[in-house]
Amino acid sequence: MSGMYATFAATADTVPDAVALEVAEDVLTYAELAALVDRLAARLVSSCGAVPAAVGLLASRSLAAYAGYLAALRLGAVVVPLNPSFPPARNQAMCVAAGVDVVVVDAAGAPQAGELTGAAQLRLTAPDWAAGLPDAWTRPCPSTSDDVAYVLFTSGSTGTPKGVPIRHRNLPGFLAHCRRQYGVEVGSRLSQTYDLTFDPSVGDMFTAWSAGATLVVPQTAEILTPARFVAARAITHWSSVPSVISLARRLRGLRPGSMPTLRSSVFAGEQLTVEQARAWAAAAPDSVVDNAYGPTELTITCLGHRLAASPREWLDTANGTVPIGRPNAGLEAVAVAEDGTVRTADTPDADGELCVRGHQRFDGYLDPAHDAGRFLRSAPEGTMTPVEGRPGPDDWYRTGDRVRAVAGQFVHMGRLDDQVKIRGYRIELGEIEAVLRAQPGIADAVVLALPAEGGDVALHALYTGAETESGQLSAAVAARLPEYMVPARFHHVDGFPVNNNGKVDRRALATSLESRS
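Residues numbered from 1 in each chain as written. Predicted model: local features only at pLDDT ≥ 70, side-chain atom pairs only at ≥ 80, totals over all residues. Heavy atoms only, no water.

Membership of the largest hydrophobic core comes to 154 residues, with the highest contact counts inside it found for Tyr66, Tyr69, Tyr150, Phe206, Trp209, Trp280 and Ile432. Ignoring sequence-local partners within four residues, the contact set of Trp280 consists of Pro226, Trp238, Ile245, Leu254, Met259, Leu262, Ser265, Phe267 and Val289. Leu462, Val493, Ala510 and Leu513 belong to the second largest nonpolar core, which has nine residues in total. (Core = buried A, V, L, I, M, F, W, Y, C linked by side-chain atoms within 4.5 Å. Buried < 20%, exposed > 50% of the residue type's maximum accessible area, 1.4 Å probe, protein only. Contact = heavy atoms within 4.5 Å.)

Right under this line is the structure:
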């Protein structure tokens, strides 16, 4: 037996009486959680009529969600997290694309479960659902290191979400890095702030479960008051998107010294500003602060930078953000200039697209058509050439992020395309534009991400054609896309300005909108 479930099972054998999971009112030791997972695995098989190849999780922040995740891995199935807050059509498309055989549904997922078709369902909505499970599944876990462990879907510029399969072998090196870098051990108490459709959730779960630590899951409202949650649950290790800091400060819930139990704080998913880092460091004076970077395709995070204990020693960056640092052990990261020239973080003033290779890199998208243009191959003369077809193990993944080398550290300088991040979620603006263009009467659409109050980002949609009521457009987008992809404002225009290349001049549009505010 190998893979992610084997990692959990080995820990359960070693420290069976340590607490593995605290979620809502449920507190389970490793032995108790392992026993529950064995029985839930048996129920999955009976619900599906056979051992499933892929299991969907229409569940959130519940015992059913985390036990279901492990039960799927126990059977050697691919885990496909869905999201009860996503439109049913999007969850349905994810199930079809990933070949889901059975969906685990908890109370949060129940309202839309009836709209999913084509897969069996196991509804774990009653408070005592665990009492009715059958005897334990006893067959060995069949997973190998080359099998796919989970598939997550990211926004796609063509309007179709891209499935990212991550194999079991992509995880061990990353988990070892996290345990070592963040000092996770038996007795550590790790927060789990991310939705299961966001890949840092995997890092939280299996860093904890590979070390014998406790995974402590806040409910959604508790994430907005991190200091209160940390103090109440004696959290030692925190991980979240940086925007949680801004939200907490806005609610005046991040007082200096308010999180004395924290020993490690990791931020990922979006740029961490120096201002945010200062506020958090003051609130958690005994915690080290790490800024981690990594797209889903590179297995959670692949670069990192640890801030010095004294803010006076922090690097000064041109854009006021904390560096994303250097690659994890066993990975290589370079900046590739437009002419194909390759530079490392140690090259003074290196500037270009961040490209990464190594054991955490995935093997290609669920749909091979999405691989086009995403990989580079090292050429003998020291430059890079595009990869045609599926990438080889030594090829580089193109992140699309522009970086600059500062004092041996990479600093994230923005995107080379129209992708943006909101609350850590990747958003291809083209996916929103595709939904708008499909609406009756609309000729064309452009979506922009513009600064909003409090350092946030707001989406603005501009469209040509028939003028349409904003509420109608908002509802149309919400029916197809997650709420964080629904534009805050809709603007009817007569036409779009173009640049010298004949492309829509997005900068001119942004300037025009900003001048109106």
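Along strand E12 (residues 264-267), one buried face is formed by Ser264 and Val266 and the opposite face, lined by Ser265 and Phe267, is buried too. Two elements, strand E11 (residues 237-240) and E12, share four bridges in a ladder whose sense is parallel. In the strand pairing of E12, Trp238 is matched with Ser265. In this region the chain leaves E11, passes through helix H10 (residues 243-250) and returns to the parallel neighbour E12; the handedness of that crossover is right-handed. As judged from the four bridges shared by E12 and strand E13 (residues 288-293), these two strands associate in the parallel manner. The residue of E13 that forms the bridge with Val266 is Asp290. With helix H11 (residues 274-283) bridging E12 and its parallel neighbour E13, the resulting β-α-β unit is right-handed. (Helix = DSSP H or I, 4+ residues; strand = E, 2+ residues; numbered from the N terminus. Pairing = 2+ DSSP bridges. Right-handed = clockwise from strand over helix to strand, strands pointing away.)

Turning to the sheet that holds strand E26 (residues 457-465), a few remarks are in order. Read across the sheet, three strands follow the order E25-E26-E27 without closing on themselves; strand pairing throughout is mixed. Because the sheet does not close on itself, it has two edges, and the strands there are strand E25 (442-451) and strand E27 (489-492). Put simply, the sheet's adjacent strands are angled 25 degrees from each other on average, direction ignored. Each of E25, E26 and E27 touches helix H14 (residues 506-516); the most contacted strand, E25, lies at about 65 degrees to it. (Axes fitted to C-alpha atoms, helices over the stretch in contact; angles between N-to-C directions.)

The next subject is the pattern of salt bridges. On inspection of all chains with the given rule, the structure shows 22 salt bridges. As a salt-bridge pair, Glu297 and Arg426 come within 2.6 Å of each other at their nearest N and O atoms. You can see Glu297 sitting in the loop between E13 and strand E14 (303-306) and its partner Arg426 sitting in strand E24 (residues 425-428), a full 129 residues away along the chain. The exposure class assigned to Arg426 is buried, which follows from its relative accessible area of 11%. For Asp351, the salt bridge identified is with Arg402, shortest N-O distance 2.9 Å. With Asp351 in strand E18 (residues 351-358) and Arg402 in strand E21 (residues 396-406), the pair connects residues that are 51 residues apart, well separated along the chain. For Arg402, a relative accessible area of 26% corresponds to the partly exposed category. (Salt bridge = Lys/Arg side-chain N within 4 Å of Asp/Glu carboxyl O.)

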